[in-house]
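So you can see what is in the structure, the chains are spelled out below.
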Amino acid sequence: MIGTIVNTATILTGSIVGSRINKGIKAEHQEVMFNAMGLAAFGLGVNSVVQNMPNSAYPVLFIASLAIGSLIGEILDIDGHFKRLTNRFSGGNSLAQGLSTGILLFCVGTLSILGPIQSALYGDNTYLFTNATLDLISSTVLASTYGIGMCAAAAVLFCWQGAIYLGAGFLAPFLSQDLLTEISIIGGFLIASSGLSILNIKQFKTMNMLPCLLVPVAWFLIKGLFGF
């Protein structure tokens with residue numbers, strides 16, 4: 001699991017470095033940092049959607065996924081539970097927003113999903129080392145805005161990639177390119193929604209939208225079982 005350990009370490013390093021930068025930023029400059037982070041997240045999300053949507057074999061699946069997944073998340077109130085948990089440790093600041101954005105950026109992507117499988121089955125950590133480099137930059141920027149609490153995203157990434165690593169033998173044949181395309185499209189929408197929330201253009205409960213990522217998985221499982 002050396003690739004996952006390195007990836008986790010880069011997020012911790014970036015978060016620590018970014019939090020030190022955060023302490024030197026004047027209050028009047030905080031809005032500039034928030035706007036920059038919001039624009040970056042929105043741009044990355046749109047880019048993921050634009051890149052993957054032309055390759056989708058099921059053009060309406062992302063619509064159904066967003067609708068069904070958001071409804072499930074709203075019923076479960078994932079966002080509310082997440083905010084109450086983070087507020088308990090952060091004194092009520094905007095850490096929940098930063099963590100939700102960071103978790104999506106770090107975990108929802110081809111590199112973060114295929115990387116642990118490549119590492120477990122073939123000993124190839126190329127994807128994870130590449131992902132680590134990107135996450136180092138992202139975590140530094142996020143922590144410069146939201147503070148040291150962004151280190152918590154490293155634990156989420158470790159559990160996420162660790163679970164995929166341990167289940168690589170089972171997951172490898174199931175993770176088809178079509179499924180990854182659908183997950184990337186939906187992930188792009190979720191990241192873009194985080195950007196809009198940070199910019200205060202439209203407040204989305206992004207954590208409530210996480211179940212959207214499971215809808216394509218359920219669809220492909222049903223499709224495989226019934227052969228249609």
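The model shown is predicted, which means the values in this text are computed figures rather than measured ones.

With respect to the side chain of threonine 10
And step 1. With respect to the helices and strands, the residue threonine 10 is situated in helix 1 (residues 2-23).
And step 2. Owing to a relative accessible area of 15%, threonine 10 belongs among the buried residues under this scheme.
And step 3. There is a polar contact of 2.6 Å between the side chain of threonine 10 and the backbone oxygen of asparagine 7.
And step 4. If sequence neighbours within four positions are ignored, threonine 10 has contacts with Ala132, Asp135, Leu136 and Ser139.

Here's the deal with the nonpolar core
And step 1. In terms of nonpolar packing, the biggest core is built from 44 residues, with Leu66, Phe106, Leu142, Tyr146, Met150, Ile186 and Leu190 touching the most fellow members.
And step 2. Mapped by element, the contributors of at least two residues to this core are helix 2 (30-52), helix 3 (61-76), helix 5 (95-107), helix 6 (110-122), helix 7 (126-146), helix 8 (152-166) and helix 10 (177-198).
And step 3. Not counting residues up to four positions away in its chain, the partners in contact with leucine 66 are Ile186, Phe189, Leu190, Met209 and Cys212.

Digging into the pattern of salt bridges
And step 1. With the rule as written, the count across this model stands at two salt bridges.
And step 2. Of the charged contacts, one joins glutamate 74 and lysine 205 as a salt bridge, the two residues approaching to 3.6 Å between their closest N and O atoms. On the criterion of sequence distance, the pair formed by glutamate 74 in helix 3 and lysine 205 in the loop between helix 10 and helix 11 (214-226) is long-range, its members being 131 residues apart.
And step 3. One salt bridge in this structure joins aspartate 77 and arginine 84, with 3.5 Å as the shortest N-O distance.
And step 4. Taking the relative accessible area as the measure of exposure, aspartate 77 reaches 26% and is therefore partly exposed.

Description of the packing of aromatic side chains
And step 1. According to the stated counting rule, one finds three aromatic pairs in the structure shown.
And step 2. Taken together, a centroid distance of 5.6 Å and an interplanar angle of 90° make the contact between tyrosine 58 and phenylalanine 220 edge-to-face. Residue tyrosine 58 is located in the loop between helix 2 and helix 3, and its partner phenylalanine 220 is located in helix 11; the two are separated by 162 residues in the primary sequence.
And step 3. Residue classification places phenylalanine 220 among the buried residues on the basis of a relative accessible area of 11%.
And step 4. Note on phenylalanine 62 and phenylalanine 189: the rings are 5.3 Å apart at their centroids and 5° apart in plane angle, and the pair reads as stacked. Taken together, the residues phenylalanine 62 in helix 3 and phenylalanine 189 in helix 10 connect sequence positions 127 residues apart.
And step 5. With a relative accessible area of 28%, phenylalanine 189 lands in the partly exposed category.

Criteria and cut-off values
- Residues numbered from 1 in each chain as written.
- Predicted model: local features only at pLDDT ≥ 70, side-chain atom pairs only at ≥ 80, totals over all residues.
- Heavy atoms only, no water.
- Helix = DSSP H or I, 4+ residues; strand = E, 2+ residues; numbered from the N terminus.
- Buried < 20%, exposed > 50% of the residue type's maximum accessible area, 1.4 Å probe, protein only.
- Polar contact = N/O pair within 3.5 Å; in protein donor to acceptor, adjacent residues only side chain to side chain.
- Contact = heavy atoms within 4.5 Å.
- Core = buried A, V, L, I, M, F, W, Y, C linked by side-chain atoms within 4.5 Å.
- Salt bridge = Lys/Arg side-chain N within 4 Å of Asp/Glu carboxyl O.
- Phe/Tyr/Trp six-rings, centres within 6.5 Å; stacked < 30°, edge-to-face > 60°.

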